[in-house]
Each structure stands twice: as structure tokens, then as C-alpha cells.
Amino acid sequence: MRRYTLPALLGLLVHISLAAGLQAQSVDEVFRRMPDELIPLLPDSTLRAELLESPEGVSVVNHFGGEMSVKSRSEQGLRLSLDRLTELEVGLLPHGKSYYICLIATSTIVPAQSVVTLFDADWNRLQEIPFTLPSPEHFITGPLSTRIKRSLAELGHLHWRATMDPLEPQLLTVRITNLDEETSQSLYPEMYKKLQPVSMKWRENHFDIVVKK
């Protein structure tokens, strides 16, 4: 049986503590050390700290006069309102013994549009984003009729919105946002009835579409 000296044991404990500390980092800590230049509405750590220390729903004024607030939070996920037309979500995704940082910025101007970006634990942007938007067929339940295919073609470019589950940021929900409900029902009633959000789940190094059973 291998025996450890007291210095060796202390060194081992320090190593274990550092590793555990990396894995146990909260999203608040990660958000505080986000690079200042990444989000223009959050240009310094003092403002980010003030926002995090405010209760959910209580506004903090940013440098451009807009009101920011925390909408929801957990140890691993954070959803923020940066102004009345911009939302930001930050989530931690497990990756080996470390994690990736998932950042979702959404413009809520109709039609809403999201941008999903991933970083390593040191806020270095990943060159290859392990997220691919589901194809139009994934958003449709049941067989694709000729009318639905024609309707999708008429929409052209699909606008979409992605949201994380704050309690479990490994789960994404993606929705098509091209048309509001009233317009959809009047122009594309058949497609609107079959248009459904798509669920995606983090699988160690990429997001997979959750296949409904």
C-alpha cells in the first residue's frame, strides 16, 4: 500500500480543492469575469456585479440609459434583460473536467432572433460552434404536405429564438419566430397548427435534437 508524507498529502488536497473549485464555479462568478468588450451594454465588471447583486426583477440602469434586470437564475444558468428589446442568457455546460460557457443573445424585436455562441472556461470563443439550427422539418409535427412545404418556402429565411432552461442550461428550446400568431393563422393556418418548438440537449461536446417518442 502506498504511503504519503504529510507534505504530499497537503499537496494532494490542494490539487483536489483546485479541481473541485473549477467544476463548482457558479454562473455568477463566470459572468463577473466576462471580458468587458464582449457585450457593449455591460462594459465593466462593476456594472455586472451591481446587476447580480440586485434582486430578480429590480432594474439597474446601464451606461446607455437602458434598464437591466435579472429575470431568473440558478447555480448554472442566468437569464438577463439588458434593455426592453435585448435579452442575454449565460449557461455552464459540462465538458470533461471543465465546462463550456454558452451565451445566447436575443433581440426581441419582431421577429425575434437569437445568436448562440460558446466559449471555453477562460472566455476564449470556440472556433467551431457545436450548435446547428434544426432543419425546418424538425419544427413540423406529422407529415409535410405540399401546402406546408410551399408555406415554408414562402417564408424564406427562418428567424428563430433559442432559450435555455435556467435550472438546467443543458436543455435548449428553439422556436421559429418569423410571424406573429395572428398573421400565421391567417396566412398559413395549416402550418401554424403543426409548427412546434424543438428541444435540444447538450451531449458532452455538442447539442443534439431530442427525438420525441
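Everything quoted here is computed from the prediction, not taken from an experiment.

### Some remarks on the environment of Ser 74
As for its placement among the helices and strands, Ser 74 is situated in the loop between β2 (67-73) and β3 (77-83). Setting aside chain neighbours within four positions, we find Ser 74 in contact with Val 27, Pro 166 and Leu 167.

### Focus on the pairing of strand β7 (residues 160-165)
Here β7 pairs with strand β8 (residues 168-176) via 6 bridges, running antiparallel. Paired with Met 164 across the bridge in β8 is Leu 172. Counting the residues in the hairpin turn of β7 and β8 gives 2 residues.

### Some remarks on the pairing of strand β6 (residues 113-119)
Buried residues dominate β6, accounting for 5 of its 7 residues. Direction of pairing for strand β5 (residues 98-107) relative to β6: antiparallel, over a ladder of 7 bridges. Within β6, the residue paired with Ala 105 across the bridge is Val 115. Counting the residues between successive antiparallel strands, the hairpin from β5 to β6 contains 5 residues.

### So, helix α3 (residues 45-53)
Burial in α3 covers these residues: Leu 47, Arg 48, Ala 49, Leu 51 and Leu 52. The inward-facing, buried residues of α3 abut α2 (27-32), β1 (60-61), β2 and β3.

### Overview of the sheet that holds β7
In spatial order, the strands read β7-β8-β9-β10; together these 4 strands make up an open sheet with antiparallel pairing. The sheet terminates laterally at β7 and β10 (207-209), the two strands that pair on one side only. Ignoring which end each strand starts from, the neighbouring axes of this sheet average 30° apart. Note: β8 against strand β9 (residues 198-202), 4 bridges, orientation antiparallel.

### A few points about the sheet that holds β3
Think of a sheet as strands paired side by side through backbone hydrogen bonds, with each pair either parallel or antiparallel. The 6 strands are arranged β1-β2-β3-β4-β5-β6 in an open sheet whose pairing can be described as antiparallel. Pairing within the sheet leaves two strands with one partner each, and these edge strands are β1 and β6. The pairing of strand β4 (residues 86-95) with β5 spans 10 bridges and is antiparallel. When the sheet's bridge partners are listed, His 95 is paired in β5 with Ser 98. Taken strand by strand, α3 contacts β1, β2 and β3, and its axis lies near 55° from that of β2.

The rules behind these values
- Residues numbered from 1 in each chain as written.
- Predicted model: local features only at pLDDT ≥ 70, side-chain atom pairs only at ≥ 80, totals over all residues.
- Heavy atoms only, no water.
- Helix = DSSP H or I, 4+ residues; strand = E, 2+ residues; numbered from the N terminus.
- Contact = heavy atoms within 4.5 Å.
- Pairing = 2+ DSSP bridges.
- Buried < 20%, exposed > 50% of the residue type's maximum accessible area, 1.4 Å probe, protein only.
- Axes fitted to C-alpha atoms, helices over the stretch in contact; angles between N-to-C directions.

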